[in-house]
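Per-entry structural report
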Amino acid sequence: MNSPGRLEPVPRRSTAELIADQLRSAIMHGALAPGDQLGETDLAAQLGVSRGPLREAMQRLVQEGLLRSERHRGLFVRELGPEDVRDIYVARLAVERASCELIMRGNRGEALARLTAALNDLVAAARTGDRTAMSDADQAFHRALVSCSGNHRLERMAETLLVEARMCLTVMQEVYPEADELVEEHQKLLDAITDGDEELLLRLIESHMLDTVERINAGAPTARN
């Protein structure tokens, strides 16, 4: 057993992990759109990496469900249909509801400080009217919400779900809430935590997720799995 306070080597992230992060970001923001094929040669050249770590990174994203493999054709960014959207947000609801419960029974003061800062960033983004900035701030709020639970497994689960949720919104920006509505929804979540009203908080997070499903699917074209 290591002695308390003893310094240990800091693990370095592998090249494959760094590549996977870039690919996730490209998928999340629509630079790699649903249905796009990933060509190893082009991607390796763009990223300045060899094919070995690139293949490893892409297989990670296959396992996460962000890419799909077609025999004899290659890898493609997964396309999300209405059932996928519902599954994503039902899973997000499970993760974020559990996070809310842990927040209300844990260090609520720290959560309030972090979520207030995240809400302020969302308000600032809303003032610009930039939907990409609003989406980034929206996701940052929910990432902070899960992080405030103190449960690292919930955080890991949330990461892939947030990328998939962003994929839904990136291709359906016209159904994204108006700035005032978006801020108000998140303000209500913060107010419920401030007031210590767990029952209201859980109702609000459920409404927030399920309303988003209906909004997206109401305007979404039929997609191939």
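Structural data are supplied above this passage.
The notes below deal with the structure included here.

Criteria and thresholds
- Residues numbered from 1 in each chain as written.
- Predicted model: local features only at pLDDT ≥ 70, side-chain atom pairs only at ≥ 80, totals over all residues.
- Heavy atoms only, no water.
- Pairing = 2+ DSSP bridges.
- Helix = DSSP H or I, 4+ residues; strand = E, 2+ residues; numbered from the N terminus.
- Salt bridge = Lys/Arg side-chain N within 4 Å of Asp/Glu carboxyl O.
- Buried < 20%, exposed > 50% of the residue type's maximum accessible area, 1.4 Å probe, protein only.
- Axes fitted to C-alpha atoms, helices over the stretch in contact; angles between N-to-C directions.
- Parallel < 35°, antiparallel > 145°, perpendicular 65-115°, else oblique.
- Left-handed = near helix turned anticlockwise from the far one by under 90°.
- Contact = heavy atoms within 4.5 Å.
- Nonpolar A, V, L, I, M, F, W, Y, C, P; charged D, E, K, R; others polar.
- 1 Å grid on protein atoms, 1.4 Å probe; cavity = no way out; pocket = protein on both sides within 12 Å on 5 of 7 lines; lining within 4 Å.
- Points joined across faces, edges and corners; volume = space filled by probe spheres on them.

Bringing the pairing of strand E2 (residues 67-70) into the picture now. As defined by bridge partners, E2 adjoins strand E3 (residues 74-77) across four bridges and the pair is classed as antiparallel. Counted as the bridge partner of arginine 68 is phenylalanine 76 from E3.

With that settled, consider the pattern of salt bridges. Should the charged atoms of two oppositely charged side chains come close, the side chains can pair. Scanning the model with the defined rule gives 20 salt bridges in all. Notably, a salt bridge pairs glutamate 64 with arginine 24, separated by 2.7 Å at the nearest N-O pair. Here arginine 24 lies in helix H1 (residues 15-28) and glutamate 64 lies in helix H3 (residues 51-64), a separation of 40 residues in the sequence. Measuring nitrogen to oxygen at the nearest pair gives 3.7 Å for the salt bridge that ties glutamate 185 to arginine 215. One end of the pair, glutamate 185, is in helix H8 (residues 179-195); the other, arginine 215, is in helix H9 (residues 198-219), with 30 residues separating them in the sequence. Arginine 215 sits in the partly exposed class, given a relative accessible area of 21%. Among the charged side chains, a salt-bridge network with shared partners connects Arg68, Glu70, Arg73 and Glu79.

On the basis of which strands lie adjacent, the open sheet formed by three strands has the order E1-E3-E2 and antiparallel pairing. Two strands bound the open sheet, and with one partner strand each, they are strand E1 (37-38) and E2.

Put simply, helix H6 (residues 131-147) and H8 touch, their axes get as near as 11 Å, and they point 15° apart. Considering their axes alone, H6 and H8 lie roughly parallel with respect to each other. As H6 packs across H8, the resulting crossing turns out to be left-handed. Across from Met134, Asp138, Phe141, His142 and Leu145 in H6, the residues of H8 making contact are Ala179, Leu182, His186, Leu189 and Ile193. Broken down by class, the residue content of the contact of H6 with H8 amounts to seven nonpolar, two polar and one charged.

Our focus in this paragraph is empty space enclosed by the protein. A complete count under the given rule lists one cavity of 30 Å³ or more for this structure. Computed from the structure, the largest cavity encloses a volume of approximately 160 Å³. Surrounding the largest cavity, 19 residues form its lining, Tyr89, Arg92, Asp138, Leu169 and Thr212 being those nearest its centre. Broken down by secondary-structure element, the contributors of at least two residues to the lining of the largest cavity are helix H4 (82-104), H6, helix H7 (152-171), H8 and H9.

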